[in-house]
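Coordinate analysis (summary)
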Amino acid sequence: MLDYAAFPEQRQDLIRQILQENGRVVCAELATQMKVSEHTIRRDLHELSKEGFCKKVYGGAVLQLPDAGNFFSREQKDSEKKDTIAQKAATLIKASGCIFIDTGTTNLALAKALPADLSITVVTNSPAIAAELLRHPLCEVIMTGGQIQRASGGAVGATAASQIQGIIFDQAFIGGCAMDPDMGLTGFDFADCEFKKAVIAQSNQTIVALTTDKLPGVARFVVAKSRDIDVLVVEKPMEKEVSAAFAAQDVRIVCA
């Protein structure tokens, strides 16, 4: 059996493997598993965090996800999973309300999944989503203006932010790059994340639809704490520990 106390590189390789498989690690559990001190594990996590592989949190670390690229490069990735999530998320929409659909490829799938007989007002900052919603005869479409950001595929600047200040949303479907029970919903672009914060502040219910490869995980900028997210829609059940951690933050998990 490998002596992990004597081989720090192999120890850190194992930590990387566990992070990739589970999305998070706990110092006390790793120390017991590898028969080393928690101080040694914390030192390993510090080294891995300097590499950008993980982010340290209280008692352990969470996986630092890579930037997934621009809107169009993401559109075909995991399309079947996104369609499955979108179909489930669409069932949560309240008829005759006013909702916000954030830019993002999963939310584009949501726009395509809206029932044709659904009467609803939709505000969006995404030209692609707005164009898709025009196919729905009973959907009133309002689009925020301003410069379109290539990375996110939506308008996220001051013009768009000021326009939503006068609207109260029954529901907001917010996109994200990663989510963790402790760190919350996170993203890679600062302006996009700030815009999402402004939308959440105007919404009575916030819903996030994510593929489970983003859970748990962390990106660069915080959008919202987990307790500020009402519903999380995923394509399959998560690990029991992760689900329990989200439940402790009052996040309702909905599986497609």
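Since the model is a prediction, treat every value here as computed from it, not as a measurement.

Rules used throughout
- Residues numbered from 1 in each chain as written.
- Predicted model: local features only at pLDDT ≥ 70, side-chain atom pairs only at ≥ 80, totals over all residues.
- Heavy atoms only, no water.
- Helix = DSSP H or I, 4+ residues; strand = E, 2+ residues; numbered from the N terminus.
- Rg over C-alpha atoms; globule rule 2.2 N^0.38 Å.
- Buried < 20%, exposed > 50% of the residue type's maximum accessible area, 1.4 Å probe, protein only.
- Contact = heavy atoms within 4.5 Å.
- Areas by Shrake-Rupley, 256 points an atom, 1.4 Å probe, with all protein chains shown as cover.
- Pairing = 2+ DSSP bridges.
- Axes fitted to C-alpha atoms, helices over the stretch in contact; angles between N-to-C directions.
- Expected span 1.5 Å × (residues − 1).
- Arc of directions from axis to C-beta.
- Core = buried A, V, L, I, M, F, W, Y, C linked by side-chain atoms within 4.5 Å.
- Phe/Tyr/Trp six-rings, centres within 6.5 Å; stacked < 30°, edge-to-face > 60°.

1. A few points about the overall build of the protein chain
For the protein chain, the count of helices and strands is ten helices and 15 strands. What you see for the protein chain is a C-alpha radius of gyration of 20 Å, in line with the 18 Å of a compact globule of 256 residues. Dimensions of the protein chain along its principal axes, counting C-alpha atoms only, are 65 × 30 × 30 Å. For the protein chain, buried positions account for 51% of its 256 residues. Within the protein chain, counting contacts between residues at least 6 apart in sequence, those at least 24 apart form 61% of the total. Carbon and sulfur atoms form 51% of the exposed surface of the protein chain, whose accessible area is close to 12,200 Å².

2. Regarding the sheet that holds strand E11 (residues 184–187)
Within a sheet, neighbouring strands are paired by backbone hydrogen bonds and run either parallel or antiparallel to one another. What the three strands build is an open sheet, ordered E10-E11-E13; its pairing is antiparallel. The open sheet has two edge strands, strand E10 (178–180) and strand E13 (221–224), and neither has a second partner. Across the sheet, the axes of successive neighbouring strands diverge by a mean angle of 35°, strand direction being ignored. Contacting E11 and E13, helix H9 (residues 190–201) crosses the sheet at an angle of about 15° to E13.

3. Observations regarding helix H1 (residues 8–22)
Between its first and last C-alpha atoms H1 spans 21 Å; for 15 residues at 1.5 Å apiece the expected length is 21 Å, and the two agree. Among all positions in H1, only Arg-11, Gln-12, Leu-14, Ile-15, Ile-18 and Leu-19 are buried. Buried residues of H1, viewed axially, fall in a sector of 155°; they line one side. Facing away from the buried side of H1 by more than 90 degrees, the exposed set consists of Glu-9, Gln-20 and Glu-21. The first or second residue beyond H1 is Gly-23, which carries a positive phi of 85°.

4. Overview of the nonpolar core
In terms of nonpolar packing, the biggest core is built from 30 residues, with Phe-100 and Leu-232 touching the most fellow members. Elements with a minimum of two residues in this core: strand E4 (98–101), helix H8 (158–164), strand E9 (171–174), H9, E13, strand E14 (231–234) and helix H10 (240–248). Among all residues touching Phe-100, those that are not within four sequence positions of it are Val-123, Thr-124, Asn-125, Ile-164, Phe-169, Gln-171, Ala-172, Phe-173, Ile-174, Phe-195 and Val-199. With 26 residues, the next largest nonpolar core counts Leu-92, Ala-109, Ala-113 and Leu-118 among its residues.

5. Quick word on the packing of aromatic side chains
What the rule picks out here adds up to three aromatic pairs. Put simply, the rings of Phe-100, Phe-169 and Phe-195 pair up and form one aromatic cluster.

6. Focus: the sheet that holds strand E5 (residues 120–124)
If you trace the seven strands from one edge of the open sheet to the other, you get E6-E5-E4-E9-E12-E14-E15, paired in parallel fashion. Single-partner strands in this sheet number two, and they are strand E6 (139–143) and strand E15 (252–255). Going from strand to strand, the sheet's axes swing by 20° on average, the running direction of each strand aside. Here E14 runs beside E15; their pairing, made up of four bridges, is parallel. Its bridge partner lying in E15, Val-233 is registered against Val-254. Across the sheet, helix H6 (residues 105–113) is in contact with E4, E9 and strand E12 (206–209); its angle to E9 comes to roughly 130°.

The quantities given are spatial measurements derived from coordinates; they are silent on function.
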